[in-house]
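Take a look at the letters that make up each chain.
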Amino acid sequence: NSRIINEKNHIFYEKEFLGVSHIKQANINLIYIGKAVQDIILEKNPQERENSKEFIAKSIYNIDIELTEAKKRIHTEKNKKLLTEFDEKFFQYKNNISDAISIIDKDIDNGENNINNKAINFIMTAEFRSIANSAENLLNQVNTNKEVNARNISYDLDIITKENERNNLILIIVNLFL
């Protein structure tokens, strides 16, 4: 039983707990990207716009790192499928972000004053929002699945531990009578 407890504990930590952490961090970075795009649209200071663009690039890089680590800890087909779907949506989302930044940059290069309207109209399209929301929802589903798996492993560990304690108590009582 001790071996089983150790194995389950290892699975709990390596595959579920750390996986949840990486998925959550990727999701946080996804949210940061959305905020940074809004900052670029609203910001009038060119240096602050550049800072937001750099922040977006860093957040995309961080998502890639977090997902690489998370994928090492994904062992259910359901979550593998969800992450494949996320990869597709995230690719589309990155293209949309790039398009939004291009709209802003083009308008700035042309000296136009209606930067906000064109960019806002673009990021408010149903397609843009749908892709962003789908990517976030897919990560949330993976996270929820991993949390459920972690709870199930924890429950199994509780049962095995109680059985182990009961067996140890029986052995102690038997040894008292020998």
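Worth saying up front: this structure is predicted, and the values here are computed from it rather than measured.

Q: Which parts of the structure should I look at to understand the environment of asparagine 137?
A: The residue asparagine 137 is located in helix 5 (residues 126-177) in this model. Expressed as a C-alpha distance, the spacing of asparagine 137 and phenylalanine 86, which sit 51 residues apart in the sequence, is 8.8 Å.

Q: Would you mind showing me how to read the environment of asparagine 121 here?
A: On the secondary structure map, asparagine 121 appears in helix 4 (residues 115-123). Exposure remark for asparagine 121: the relative accessible area of 52% places this residue in the exposed category. Distance from asparagine 121 to alanine 100, taken between C-alpha atoms, is 9.7 Å for residues 21 residues apart in sequence.

Q: Just to check I follow, could you spell out the side chain of asparagine 143 for this structure?
A: For asparagine 143, the location among the structural elements is in helix 5. Residue asparagine 143 is classed as buried on the basis of its relative accessible area of 9%. Ignoring anything within four residues of it in the chain, the contact list for asparagine 143 reads Val20, Ile23 and Lys24.

Q: What's the story with the packing of aromatic side chains in this structure? I'm lost.
A: Summed over the entire model, instances satisfying the criterion amount to four aromatic pairs. Ring centres of phenylalanine 86 and phenylalanine 90 lie 5.3 Å apart, and the angle between their planes is 15°; on these two criteria the pair is classed as stacked. Taken together, the positions of phenylalanine 86 and phenylalanine 90, both in helix 3 (residues 77-109) and four residues apart, correspond to about one turn of that helix. Phenylalanine 90 sits in the buried class, given a relative accessible area of 3%. Summarising the aromatic geometry, the rings of phenylalanine 122 and phenylalanine 128 are spaced 5.5 Å apart at their centres and angled 65° between planes, so their arrangement reads as edge-to-face. Classification of phenylalanine 122 by relative accessible area gives partly exposed; the value is 21%.

Q: Looking at this model, I keep getting lost on the side chain of histidine 22. Mind explaining?
A: Note on placement: histidine 22 falls in helix 1 (residues 2-42). Taking relative accessible area as the criterion, histidine 22 reaches 15% and is therefore assigned buried. What histidine 22 contacts, discounting residues up to four positions off in sequence, is Glu66, Glu69, Ala70 and Arg73.

Q: Would you take a moment to explain the confidence of the model for the protein chain for this structure?
A: Note: predicted coordinates in regions of low pLDDT should not be interpreted at a detailed level. Looking at the protein chain, the pLDDT average stands at 86 and 87% of residues meet or exceed 70. Of all helices and strands in the protein chain, the one with the weakest mean pLDDT is helix 4 (78), whereas helix 2 (residues 46-71) scores best (95).

Q: How should I be thinking about a nonpolar patch on the surface in this particular structure?
A: Together, Leu169, Ile172, Ile173, Leu176 and Phe177 line one region of the surface with nonpolar side chains, adding up to about 580 Å² of accessible area. Checked against the element boundaries, phenylalanine 177 lands in helix 5. Among the residues examined, phenylalanine 177 registers a relative accessible area of 71% and is labelled exposed.

Q: What is the right way to read helix 2 from this model?
A: Helical periodicity: at 3.6 residues per turn, an α-helix aligns residues three or four positions apart in one direction. Spanning 26 residues, helix 2 covers 37 Å between terminal C-alpha atoms, matching the ideal 38 Å at 1.5 Å per step. Burial in helix 2 covers these residues: Arg49, Ser52, Lys53, Ile56, Ser59, Ile60, Ile63, Glu66, Leu67 and Ala70. Its side-chain oxygen 2.7 Å from the backbone nitrogen of glutamine 47, asparagine 45 forms the N-cap of helix 2.

Q: Before we go on, may I ask you to explain the nonpolar core in this structure?
A: Note on soluble globular proteins: their nonpolar side chains tend to be buried together. Judged by nonpolar contacts, the single largest core of 32 residues is most densely connected at Ile33, Ile56, Phe86 and Tyr93. Taken together, the elements giving at least two residues each to this core come down to helix 1, helix 2, helix 3, helix 4 and helix 5. Here this core gets nine residues from one element, more than from any other, and that element is helix 3.

About the cut-offs
Residues numbered from 1 in each chain as written. Predicted model: local features only at pLDDT ≥ 70, side-chain atom pairs only at ≥ 80, totals over all residues. Heavy atoms only, no water. Helix = DSSP H or I, 4+ residues; strand = E, 2+ residues; numbered from the N terminus. Buried < 20%, exposed > 50% of the residue type's maximum accessible area, 1.4 Å probe, protein only. Contact = heavy atoms within 4.5 Å. Phe/Tyr/Trp six-rings, centres within 6.5 Å; stacked < 30°, edge-to-face > 60°. pLDDT = per-residue confidence, 0-100. Patch = residues over 30% accessible without salt bridge, like charges linked within 9 Å, V, L, I, M, F, W, Y side chains within 5 Å. Areas by Shrake-Rupley, 256 points an atom, 1.4 Å probe, with all protein chains shown as cover. Salt bridge = Lys/Arg side-chain N within 4 Å of Asp/Glu carboxyl O. Expected span 1.5 Å × (residues − 1). Polar contact = N/O pair within 3.5 Å; in protein donor to acceptor, adjacent residues only side chain to side chain. Core = buried A, V, L, I, M, F, W, Y, C linked by side-chain atoms within 4.5 Å.

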